Amino acid sequence: MSQLRFAVLGPVRAHRGDTELDLGSPQQRAVLAVLLLAEGKHVALGALIDALWGDEPPRAASGTVRTYVSRLRRCLRDTEHDVIESAGDGYVLRLEPAELDLNGFLRLTSDARTARNAGAADQAALLFEAALAKWQGVPLAGIPGEYAASQRVRLAEFQLAALGERLALNIELGAHVAAAAELQALLAAHPMRERLAELLMLALYRSGRQADALTVYGQSRRLLRDELGIDPGPAMQEMHQRILQMDTSLIPAPTPPPPPASPQAPLPAPLVRPAQLPADLPAFTGRCAELAQLNASLDDGKPRSAAVLIHAIDGTAGIGKSALAVHWAHLVADRFPDGQLYVNLRGFDPSGSVTTPGEALHGFLDALAIAPQRIPDDLPSRAGLYRSLLHDHRVLIVLDNARDAGQIRPLLPGSPGCLVIATSRNQLTGLITTHDARPLTLDRFSAAEARDALSRRLGPGRLAAEPEALAEIIELCAGLPLATAIVAARATVFRDRSLALIAGELRDARTRLDALSADDTTTDVRAVFSWSYQLLSAPAGQLFRLLSVHNGPDFSRGAAASLAGLPAQEVRPLLSELTGARLITEHRPGRFSSHDLIRIYAAELSAAVDTDDDRSSALGRLVDYYLHTAHAAHMLLQPQFVPPTPTAARPGVTPEDLPDYTQAMAWLSAERRALKCAVSTAADDGFPRHAWQLALTMQQFYQRQGYWYDWAATMLTALGAAESAGDLDGQAHAHRSLAGAYHFLGRDEEALAELERTRELFTELGYTTEHAYLHSNFGTILASQRHYDEAIEHYWQAYELYQAIGHEKGQGAALEGIGKCHGQQGRYEAAVQYVDEAMTVYQQLSDSNGEANCWASLGEFRHQLGEYREAMNCQLRAVTLCRQLGNRTDEAEGLIAFGDSALAAGDRAAARDAWGKSLIILDELRLPQAQPVRTRLAGLDERSQAPAVSPVP
């Protein structure tokens, strides 16, 4: 048995040596999971049946389980004996603790806690890291059933506890910057965990981000009050008070640098101590996290490795790379007693006069007092002399504004006592790869950093007098430090000019760059951007200009390819060129964005260089790409209800290939904000039919995901476009979809008015088949208003129309609606009959969404009949299907219903669990149903919780 290894901290897997074993179907793996998690204890046959099927086992459940066990025995059989042994009416799986990854995880976490309690923090952190490395994804991934779902919750608690303890140790050991980033993501996933919020506050405070730490406390306190009606616990409140009071004991005292070491060998005769650093900015502010990251690279004043320590700082134009490099160089200059060298390599100079490596070396050798006649003519000899002079010396070298790694390599010293700081708009990948340079990409100022920068220049009193204008200026400067500095300079020179007036100058996007211009090209935003643009190849420059027609927050590689009218493989290097020039940012793999000022600059260039036809064609290809891909996605979500088919896409458009439902939902989720902006752009810029057709393809996604406010806003934009174009077809479809959004938002009277307008338009257009769907819509809204008889009439009219055209899905939906109305009137026998008929239709069509709705309705009927356990089984089926489909709002509604039935069945803990999970979804989507769920939770008696009998998955 020593050759066997089992895993449950991820997909359930088994290995013999290096060979993975085939464990069979998910149900068979589920049997193995139950036996593994029993930790060598006897598991009865009935317990295995319950774990696989809950309260509804098949007739042959016992024989099926025995078959699964027999197959597992054959798969796992050792040469000497079976791993799985029969015991009484069940089975036992014999294994050593080291053979299961969960046991290894628990052992390592126990050892880590022992080491921590013994004061060995370093060792404890490593042990926690090793324990967490055993996790390979969601525990018991792919295993069906309630048992697996409950075990996932238990195991996830183990993981979260270990993560929290490891992060606390990381902070203790000084890795607070990295810990803060990880904690922010973790707290977003678990917002009710006070310990995570407390640790994040500490990590941010140690990183010099006191304001951000206090913001975390405020957000957590509001969340706890809103959801649970409680205040943060004593530990979190104490942390808040200590940070408010700027408690220095929260920050470990820095180790004082040792006195400068004496050179081991005398300096070469011609060497002097250069001091070439430019003056530091007196108003330098922010960049606390970046400075902490840079400081962490220095130990006791010496680089940690035998190689030269190199920091490669990159970022877009005007982001403050040079300011950070020079500021940090001044802070650490005393650690390099043999001097500081500085050169502006002018890699993006508008004149094109780039400083060559030979010229830079000449300047360095001159600064080191080498006589001109002794400076070699050729580059290799100059570099050799330079390295010889710096050997065994500790010199700080700043290589500012480099174009690429090739410009830097000849300027690198050979002595490990030296520090190099290089800045560039390009990421110096070659330097990172060949010389182990440490990359640091600068992002835009946060709002707090921009406010601090303005406060240092203008004084807090002037800012406090006009808070609204200040907030607008910060937003319009797009977090660009250069833009912020220009505004501060203008406000300083014209002290009688109000901030509101300055904000007004920036407000118009067409003239914003004029307001950020200056006589000095190095501080003129437009000029600074131009230096990067002028170095682009012609195709990359054209793509950069045309991307200005895309008004979404970000875009994909596929969207860029269609906008440019190029195949994806041809646009990839152009995007890489733009990313390298820092004119766009790849903020997630395959997704790109640029800040507002660069986008305005691109639009200016496009207006000057490209024709109106160029821009219109690019926009047409872009909206074609979104419309055709979204239409394909809709057909995977709801193939039985087909929206109007778009006209053929323009040449050069390549819609995404979406093979299945999951990929369709993933694409719509990734593009949600871009699609909403695309509707507005199409409406504003001459593509009204695209606007309403694109909006219509998003309806099913909006409905299922719970983005009902976005749904209403998008359809209003689409309706306006159709009305402006006099497009009655578009108006009719937009009114009908808008009715659906209003209904989900609880505005049924407005929804009915929209449907009446739709009916008028359909009649005016001479449409007939569309009235079937319209009658179903009327039925849904009238039923929600408890006008059940009227609703049934509409549903029957819909059914007859659907039957006449052979639309099976529509017939099923009408039958389902009729059944629900009968159920609401207490006629449960008829209700079950109609919903069962609808279920049959849905199952024949493989329509899981419709099937989920039917299970939810049957659960409601069973609940009203007092059959609470049967109701819970139906509701559980509905929740499971909704979760698989990504229908988050229906999942939340199903969880609410499950909780109601659980409470009625006396299972208070299961009710609390279901309502709590529902509330998480509803709050995330900002839906009004959240408040009734809070009321349900508040009504539960906290002091008398019973163990959950039927936990929701």
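Refer to the structure printed above.
An account of the accompanying structure is given in this report. (Residues numbered from 1 in each chain as written. Predicted model: local features only at pLDDT ≥ 70, side-chain atom pairs only at ≥ 80, totals over all residues. Heavy atoms only, no water.)

**Quick look at the overall build of the protein chain**
Consideration 1: Helix and strand counts for the protein chain come out as 43 helices and 14 strands.
Consideration 2: Buried residues in the protein chain amount to 51% of all 953 residues.
Consideration 3: Long-range contacts, defined here as pairs at least 24 residues apart, represent 66% of the contacts in the protein chain between residues at least 6 apart.
Consideration 4: Only carbon and sulfur atoms are counted for the fraction: they give 51% of the accessible area of the protein chain, which is about 41600 Å². (Helix = DSSP H or I, 4+ residues; strand = E, 2+ residues; numbered from the N terminus. Buried < 20%, exposed > 50% of the residue type's maximum accessible area, 1.4 Å probe, protein only. Contact = heavy atoms within 4.5 Å. Areas by Shrake-Rupley, 256 points an atom, 1.4 Å probe, with all protein chains shown as cover.)

**Some details on the packing of aromatic side chains**
Consideration 1: Going through the model one piece at a time under the given rule, you end up with 14 aromatic pairs.
Consideration 2: Chaining the aromatic ring pairs together yields one cluster made of Y625, Y626 and W667.
Consideration 3: Between the NZ or CZ atom of R672 and the centre of the ring of Y707, over which it lies, the distance is 4.0 Å. (Phe/Tyr/Trp six-rings, centres within 6.5 Å; stacked < 30°, edge-to-face > 60°. Lys NZ or Arg CZ within 6 Å of the ring centre and 35° of its normal.)

**Focus on the packing of helix α42 (residues 908-924) against helix α43 (residues 930-939)**
Consideration 1: The geometry of α42 relative to α43 is characterised by a closest axis approach of 9 Å and an angle of 155° between their N-to-C directions. When the axis of α42 is compared with that of α43, the two are roughly antiparallel. In this structure, α42 crosses over α43, and the sense of that crossing is left-handed. Seen from α42, the contacting residues are R912, W915, G916, S918, L919, L922 and D923; seen from α43, they are A930, V933, R934, R936 and L937. (Axes fitted to C-alpha atoms, helices over the stretch in contact; angles between N-to-C directions. Parallel < 35°, antiparallel > 145°, perpendicular 65-115°, else oblique. Left-handed = near helix turned anticlockwise from the far one by under 90°.)

**Focus on the side chain of S556**
Consideration 1: With respect to the element layout, S556 can be found in strand β12 (residues 555-556).
Consideration 2: Contact partners of S556, with chain neighbours within four places excluded, come to G590, R591, Y625 and E671.

**Considering the pattern of salt bridges**
Consideration 1: Considering all chains together, one arrives at 32 salt bridges under this definition.
Consideration 2: A salt bridge links D231 to R225, with the shortest nitrogen-to-oxygen separation between them at 2.5 Å.
Consideration 3: According to the relative accessible area criterion, R225 is partly exposed, its value standing at 45%.
Consideration 4: R689 serves as the salt-bridge partner of D727, at 3.4 Å between the closest nitrogen and oxygen. Taken together, the positions of D727 in the loop between α32 (708-724) and α33 (728-744) and R689 in helix α30 (residues 688-697) put the pair 38 residues apart, joining distant regions of the chain.
Consideration 5: Residue D727 is classed as buried on the basis of its relative accessible area of 16%.
Consideration 6: Counted as one network, the salt bridges with shared partners bring together R113, R116 and E165. (Salt bridge = Lys/Arg side-chain N within 4 Å of Asp/Glu carboxyl O.)

**Let's talk about a nonpolar patch on the surface**
Consideration 1: A surface patch of nonpolar side chains, amounting to about 240 Å² of accessible area, comprises M192, L228 and I230.
Consideration 2: Its location among the elements puts L228 in helix α9 (residues 210-228). (Patch = residues over 30% accessible without salt bridge, like charges linked within 9 Å, V, L, I, M, F, W, Y side chains within 5 Å.)

**Overview of the pairing of strand β7 (residues 309-314)**
Both faces of the sheet carry side chains from a regular strand, because those side chains alternate between them.
Consideration 1: Counting buried positions along β7 gives 6 out of 6 residues, so the element sits mostly inside the fold.
Consideration 2: Along β7, one buried face is formed by L309, H311 and I313 and the opposite face, lined by I310, A312 and D314, is buried too.
Consideration 3: Strand direction decides the pairing type here: β7 and strand β10 (residues 419-424), joined by 6 bridges, are parallel. Each residue of the ladder has a partner; that of A312, found in β10, is A422. (Pairing = 2+ DSSP bridges.)

**Structural notes on the environment of Q123**
Consideration 1: Inspection of the secondary structure assignment puts Q123 in helix α5 (residues 121-132).
Consideration 2: Sequence-wise, Q123 and L169 are 46 residues apart; in three dimensions their C-alpha atoms are separated by 10.0 Å.

**A word on the sheet that holds strand β14 (residues 591-593)**
Consideration 1: Taken together, the 3 strands give an open sheet; going across it, the order is β12-β14-β13, and neighbouring strands pair in antiparallel fashion. The open sheet is flanked by β12 and β13 (585-588), the only strands paired with a single partner.
Consideration 2: In this structure, β13 lies alongside β14, joined through 2 bridges in antiparallel fashion. In the strand pairing of β14, T585 is matched with S593.

**A few points about the packing of helix α29 (residues 661-684) against α32**
Consideration 1: The N-to-C vectors of α29 and α32 enclose an angle of 20°; their axes lie 9 Å apart at closest approach. When the interaxial angle is binned, α29 and α32 end up roughly parallel. Seen from above, α29 lies across α32 with left-handed handedness. On α32, the residues touching R672, K676, V679, S680 and A683 of α29 are D710, A713, T714, T717, A718 and A721.
Consideration 2: Along the lines of polarity and charge, the residues of the contact of α29 with α32 split into 5 nonpolar, 3 polar and 3 charged. (Nonpolar A, V, L, I, M, F, W, Y, C, P; charged D, E, K, R; others polar.)

**Quick word on the environment of L765**
Consideration 1: With respect to the helices and strands, L765 occurs in helix α34 (residues 748-765).
Consideration 2: Placed 36 residues apart in sequence, L765 and D729 show a C-alpha to C-alpha distance of 7.6 Å.
Consideration 3: Excluding residues that lie within four positions of it along the chain, L765 makes contacts with L728, D729 and A732.

**Notes on the nonpolar core**
The nonpolar side chains of a soluble globular protein tend to be buried, and buried together.
Consideration 1: By size, the foremost hydrophobic cluster in this structure holds 133 residues, and its most contacted members are F544, L578, Y626 and L694.
Consideration 2: Aside from chain neighbours lying at most four places away, what touches L694 is Y626, L627, A630, L675, A678 and V679.
Consideration 3: Membership of the second largest hydrophobic core comes to 81 residues, among which are L93, A125, F128 and A179. (Core = buried A, V, L, I, M, F, W, Y, C linked by side-chain atoms within 4.5 Å.)

**Some remarks on helix α13 (residues 357-367)**
Consideration 1: Turning to α13, its buried residues number three or more, namely P357, G358, A360, L361, F364, L365 and A367.
Consideration 2: As for α13, its buried residues are in contact with β8 (340-344), α14 (379-390), β9 (396-402) and α15 (405-408).

**Comments concerning the side chain of R621**
Consideration 1: As for its placement among the helices and strands, R621 is situated in helix α28 (residues 612-637).
Consideration 2: Notably, R621 is buried but unbridged: the nearest opposite-charge side chain belongs to D614, and the N-O separation is 7.3 Å.
Consideration 3: One polar contact links the side chain of R621 to the main-chain carbonyl oxygen of L563, over a distance of 2.8 Å.
Consideration 4: Discounting residues that sit within four places of it in the chain, R621 has contacts with S562, L563, A564, G565, R650, P651 and V653. (Lys, Arg positive; Asp, Glu negative; His and termini not counted. Polar contact = N/O pair within 3.5 Å; in protein donor to acceptor, adjacent residues only side chain to side chain.)

**Brief notes about unusual backbone geometry**
Consideration 1: Backbone geometry places E39, a non-glycine residue, at a positive phi of 55°.
Consideration 2: Within the secondary structure, E39 sits in the loop between α1 (26-37) and β4 (43-44).
Consideration 3: Given the relative accessible area of 48%, E39 is considered partly exposed.

**Details of the sheet that holds β8**
Consideration 1: The 5 strands lie next to each other as β8-β9-β10-β7-β11, forming an open sheet whose pairing is parallel. The open sheet has two free edges, formed respectively by β8 and β11 (438-441), since each of these has just one partner strand. Direction aside, the axes of adjacent strands within the sheet are offset by 15° on average.
Consideration 2: As defined by bridge partners, β9 adjoins β10 across 5 bridges and the pair is classed as parallel. Across the sheet, the residue bridging to L396 is L419, located in β10.
Consideration 3: Its contacts with the sheet place helix α12 (residues 321-332) against β7, β8, β9, β10 and β11, and it is angled at close to 165° to β10.

**Regarding helix α37 (residues 808-824)**
Consideration 1: Its 17 residues place the ends of α37 25 Å apart at the C-alpha level, agreeing with the 24 Å of an ideal helix rising 1.5 Å per residue.
Consideration 2: When you tally the buried positions in α37, you get 13 out of 17 residues, the bulk of the element.
Consideration 3: Phi turns positive one or two residues past the end of α37, at G826, with a value near 85°. (Expected span 1.5 Å × (residues − 1).)

As far as function goes, none of this settles anything; it's purely spatial.
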